[in-house]
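Structural characterization, general
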Amino acid sequence: MTVAPGLPAVARDAQIEEWLATDLDHWCRRVVQRHFHPETGSPYWLRRAAELPFDPRDITRYEELTELGPFTLDTLRTGDPGDLVPRAVPRPLAGRVWESGGTTGTPCRVFYTPDMVRHRGLWRRWSFVTEGFQEGRSWLQATPTGPHLIGNGVWEAAELFAGQVYAIDMDPRWVKRLIRAGRLAEVGDYTTHLLEQIADVLGPGRVSYLNTTPALFQALRQRHPELVAGLEGVRLSGTQITPAMYHTFRESLGGGICGISYGNTFGNAASLPVAPDAGLIGYVPNYPQVTMAVVRKDDWTTPVDYGTVGQVRLTVLHEDLFLPNILERDQAVRLRTEHWPCDGVANVRPLQETSSAPEGLY
Amino acid sequence: MTLGYLLGGGVGTEPHGVELYKAYPVMRDLYDQVSGWTGLTVGQILEEELPTALEERQSTGTVREAALAMAVHDIFAEQGLRPDAIGGLSLGAMTAAALVGAVSREELFRMLVHSRHVPEPAPDAPRQGIALAFVPAGAPETDHPGHGHPDIHPSGDFGVTSDGSQRILMLSGLAAALEQVAAAAPPGTVVPLPDRLIAVHSPLRQPYRDFMAPHIDAMTFATPRLPLLSCLEQRALASADDVRDLFHRNATDPISLVDVYTGMKGQGVDLAFVMGPSIPEGILDFPFPVVHVDKPEHIEQAVTTAYELGIDLTTPPATR
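Residues numbered from 1 in each chain as written. Chains lettered and ligands numbered in written order. Predicted model: local features only at pLDDT ≥ 70, side-chain atom pairs only at ≥ 80, totals over all residues. Heavy atoms only, no water.

Things to note about the overall build of chain B
- Of the regular secondary structure elements, chain B holds 11 helices and 10 strands.
- Taking 2.2 N^0.38 as the reference for a compact globule, 320 residues should give roughly 20 Å; the C-alpha atoms of chain B span a radius of gyration of 19 Å, in line with that estimate.
- For chain B, the C-alpha atoms occupy an extent of roughly 55 × 45 × 35 Å along the three principal directions.
- A fraction of 74% describes how many contacts in chain B between residues 6 or more apart in sequence connect residues 24 or more apart.
- Total accessible area computed for chain B in this model is approximately 11,800 Å², and 52% of it derives from carbon and sulfur atoms.
- In chain B, 20 positive and 40 negative side-chain charges are present, and the distance between their average locations comes to 3 Å. (Helix = DSSP H or I, 4+ residues; strand = E, 2+ residues; numbered from the N terminus. Rg over C-alpha atoms; globule rule 2.2 N^0.38 Å. Contact = heavy atoms within 4.5 Å. Areas by Shrake-Rupley, 256 points an atom, 1.4 Å probe, with all protein chains shown as cover. Lys, Arg positive; Asp, Glu negative; His and termini not counted. Charge placed at Lys NZ, Arg CZ, Asp CG, Glu CD.)

Remarks on the interface of chain B and chain A
- In this assembly, 41 residues from chain B lie in contact with 30 residues from chain A.
- With both sides pooled, the region where chain B packs onto chain A buries about 3,100 Å², and carbon together with sulfur makes up 61% of that total.
- At the boundary of chain B and chain A, one finds 2 salt bridges.
- Among the ionic pairs, Glu300(B) bridges to Arg180(A), the shortest N-O distance being 3.3 Å. (Buried area = accessible area lost by both parts, 1.4 Å probe. Salt bridge = Lys/Arg side-chain N within 4 Å of Asp/Glu carboxyl O.)

Quick look at the sheet that holds strand E8 (residues 268-271) of chain A
Residues and elements named next belong to chain A.
- On the basis of which strands lie adjacent, the open sheet formed by 12 strands has the order E4-E3-E5-E6-E7-E8-E9-E14-E13-E12-E10-E11 and mixed pairing. The strands lining the two open edges of the sheet, one partner per strand, are strand E4 (164-170) and strand E11 (299-303). Pairwise comparison of adjacent strand axes, ignoring direction, gives a mean angle of 35° for this sheet.
- Summarising the sheet, strand E13 (residues 321-335) and strand E14 (residues 344-350) pair through 5 bridges and their orientation is antiparallel. (Pairing = 2+ DSSP bridges. Axes fitted to C-alpha atoms, helices over the stretch in contact; angles between N-to-C directions.)

Thoughts on the packing of aromatic side chains
Residues and elements named next belong to chain A.
- The full count for this structure, using the stated rule, is 25 aromatic pairs over all chains.
- Note on tryptophan 19 and tryptophan 123: the rings are 5.9 Å apart at their centroids and 20° apart in plane angle, and the pair reads as stacked. Of this pair, tryptophan 19 sits in helix H1 (residues 9-20) while tryptophan 123 sits in helix H5 (residues 114-131), placing them 104 residues apart in sequence.
- Residue class for tryptophan 19 comes out buried when judged on its relative accessible area of 4%.
- An aromatic cluster is defined as three or more aromatic residues linked by ring pairs; in this entry it consists of Phe36, Tyr44, Trp45, Phe71 and Phe322.
- Here arginine 96 stacks its cationic end above the ring of tryptophan 98, 3.9 Å away from the centre of that ring. (Phe/Tyr/Trp six-rings, centres within 6.5 Å; stacked < 30°, edge-to-face > 60°. Buried < 20%, exposed > 50% of the residue type's maximum accessible area, 1.4 Å probe, protein only. Lys NZ or Arg CZ within 6 Å of the ring centre and 35° of its normal.)

Description of the pairing of strand E4 (residues 152-160) of chain B
Residue and element names in this part refer to chain B.
- With 7 of 9 residues buried, E4 is to be regarded as a mostly interior element.
- Here E4 runs beside strand E5 (residues 166-174); their pairing, made up of 7 bridges, is antiparallel. Following the sheet pairing, proline 154 is matched in E5 by leucine 171.
- Linking two consecutive strands that pair antiparallel, namely E4 and E5, is a turn of 5 residues; a positive phi of about 75° is found at glycine 164 within it.
- One ladder, built from 2 bridges, connects E4 with strand E8 (residues 255-256); its direction is parallel. Considered in E8, the bridge of glycine 156 is made with isoleucine 255.

Digging into the packing of helix H4 (residues 54-78) of chain B against helix H5 (residues 91-99) of chain B
All names here are of chain B.
- Interaxial distance between H4 and H5 falls to 10 Å at its minimum, and their mutual angle equals 45°. Relative to H5, the element H4 lies oblique. When you trace H4 past H5, the crossing you get is right-handed. In this structure, H4 contributes Thr62, Glu65, Ala66, Ala69, Met70 and His73 to the contact, and H5 contributes Leu91, Thr95, Ala98 and Leu99.
- Residue composition of the contact of H4 with H5, by class: 6 nonpolar, 3 polar and 1 charged. (Parallel < 35°, antiparallel > 145°, perpendicular 65-115°, else oblique. Left-handed = near helix turned anticlockwise from the far one by under 90°. Nonpolar A, V, L, I, M, F, W, Y, C, P; charged D, E, K, R; others polar.)

Describing helix H10 (residues 257-266) of chain B
- Looking only at H10(B), the buried set comprises Leu257(B), Asp259(B), Val260(B), Tyr261(B), Gly263(B) and Met264(B).
- Positive backbone phi, approximately 90°, marks Gly268(B), located one or two places after H10(B).

Quick look at the pattern of salt bridges
- A complete count under the given rule lists 31 salt bridges over all chains for this structure.
- Here Arg61(A) and Glu63(A) are joined by a salt bridge, their closest N and O atoms 3.5 Å apart.
- Taking relative accessible area as the criterion, Arg61(A) reaches 39% and is therefore assigned partly exposed.
- Overall, the relative accessible area of 47% leaves Glu63(A) in the partly exposed class.
- Residues participating in the shared-partner salt-bridge network are Arg209(B), Glu233(B), Arg235(B), Asp242(B), Asp245(B), Arg249(B) and Asp253(B).

Some words on the sheet that holds strand E7 (residues 228-229) of chain B
Residues and elements named next belong to chain B.
- One open sheet accounts for 5 strands, arranged E7-E2-E1-E9-E10; its pairing is parallel. At either margin of the open sheet sits one strand with a lone partner, and together these are E7 and strand E10 (290-293).
- As judged from the 4 bridges shared by strand E9 (residues 269-275) and E10, these two strands associate in the parallel manner. Opposite alanine 272, over in E10, you have valine 290 as the bridge partner.
- Across the face of the sheet, H5 comes into contact with strand E1 (2-7), strand E2 (85-88) and E7 while running at roughly 150° to E2.

Observations regarding the confidence of the model for chain A
- When the pLDDT values of chain A are averaged, the result is 93; 96% of them are 70 or greater.
- Contacts from residues 1-6 of chain A, a stretch scored under 50 in pLDDT, to residues over four places away or in other chains number 17 contacts. (pLDDT = per-residue confidence, 0-100.)

Observations regarding the environment of Arg206(A)
All names here are of chain A.
- Within the secondary structure, arginine 206 is located in the loop between helix H8 (184-202) and strand E5 (209-212).
- Sequence-wise, arginine 206 and isoleucine 16 are 190 residues apart; in three dimensions their C-alpha atoms are separated by 32 Å.
- Leave out the neighbours within four places in its chain, and arginine 206 touches Ser138, Tyr166, Asp200 and Val201.
- Within the structure, arginine 206 has its side chain in polar contact with the backbone oxygen of valine 201 (distance 3.1 Å). (Polar contact = N/O pair within 3.5 Å; in protein donor to acceptor, adjacent residues only side chain to side chain.)

Considering the domain arrangement of chain B
Residues and elements named next belong to chain B.
- We note that the domain assignment places domain 1 (2-120 + 204-319) and domain 2 (128-196) within chain B.
- Just the C-alpha atoms count here: the centres of domain 1 and domain 2 sit 25 Å apart.
- At the junction of the two partners, domain 1 supplies 14 residues and domain 2 supplies 16 residues.
- Summed over both partners, the interface of domain 1 with domain 2 comes to about 1,200 Å²; 56% of that surface belongs to carbon and sulfur atoms.
- Summed over the shared surface of domain 1 and domain 2, the result is 0 salt bridges.
- There are 6 residue pairs in polar contact (both at pLDDT 80 or more) connecting domain 1 and domain 2.
- Secondary-structure elements contributing two or more residues to the side of domain 1 that touches domain 2 are E8 and H10.
- Taken together, the residues of the side of domain 1 that touches domain 2 break down into 10 nonpolar, 3 polar and 1 charged. (Domains from an automatic or database assignment.)

Dropping the structure here:
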């Protein structure tokens, strides 16, 4: 797979700068017009347009996307992923269908056009550079692969970052199935199985960077601290990470890099630098293709105040994939950003109910 | 990584745990046992309307709450998951004591059901009650409208709210005094709790404490097998006498959730499961992530969180 063919580093950085300078309303109009174009739009959105009480082509501002309602994820579980891709993209479509975690049931599936793969790769490379990773080093990718987009990191590190990449596969669906069945001893066995493979690769000291999940890195740190201490850096995503975990990881790595990101198959966010002892881990989305709002748990259309916790609402505004108002199963602190054109999110964790009845305290 | 179990206090009137009871045989076995120890039917323990007489209602409610928290513990234990430290608030502290072997389960439940025999207040006795007081987060605990009132006593500290703006305190005392203070205070500052007719954790509970003292003195206590955090002061209960002392004082002394979770943090707790519905979700701030468990789906969420945060799911706590 070619991620960014022939695009020199300067051009890549210029592309990121161009995106960050984009006016969100202008970008929103562009994506909406493309997906709802009568001849070249995407089949799914054209079908939806016929059911809507208004013409979605009249949407001119990002805030107006709420008129489309929350995106129904079942669409991505049962439908043809190609139906979300505008007909402007030549048929037959050629590329990968990626799946969401699928740890809670039937996975969601989305088709990634070459542009989407390239854009994701550019952002990922930008994150690597920003976090201090060096090109031309060796990596171990110990993450889900197969249907999971995170596994594409093997190619991204190799092709965009001139890395020599070792890979170990893990199956998060199997872990979740074991947990659901209460087979915790087998979860432990499976973790040991993964750690043995990781230790085998890391043992001889031939790997600079590890790309894995916070959960697996935590287990590695506990069982093989010497291997973690020998790394020059680690890149983490896929499971929740707390500020306390992050600081522990930094300590275990000595001076090594601890890069993290938040996201899923639909869209991602890169972490902002985390100050020593900080209680907040902030992320900024891959703007303008990805934006994230933090909204009230009881009213998905209304953002919470900065610094307070709400549900994460994700919007994908890619030219080839339009997914407005996905209500994530995550909650986060709404983050005001100084050098980013949109809000960020911080301290992401699985969504919790919020009681409105403090009298239940006693 | 260290796992803590946190048990709330108080006695709710709504039934909880019915779905868990249907889903987990280990919980049904426990409820059969509790039924045998208490003479209550499983239905009374689980979901039926609580009795109307004040102390009998309180007694049955405590059996219900303690049984549910214990059942959640047993569901995790059956899967091989146990805490490294445990703490509870009021009834939760006593239930926690039973979970770490400081008192037998049977003795705990026999004590709870014995409390139904506490004499009811005289018909002409002034009504008691409790209220929550909401004060600015940084304010001292005396900074509430009921401070200094002879018929109002500070009885609990639940700590800071999840948005960091307020601190929630509990006040116990005569209902008329609480209502009077609430009416005079800015709206929402002091909120009397309906159907809470006992001035818990205050000197007004001295008759209850005196009645229960001989029963508690006759109970057998042991050294807790795991760190058991007190809700009466910020420390771990280290001996059988410590635990007995908590059982005695719990009725009349103010409780502090802050003391419990600060103590747990001091034990290195990185994640806590809130056992049962006694601490509402999302209202309070904790110094570590918490997962509330009172429905079957919460079991999976809790274990998944433990896995993701690096709690070893298979190693006994003593070696973790």
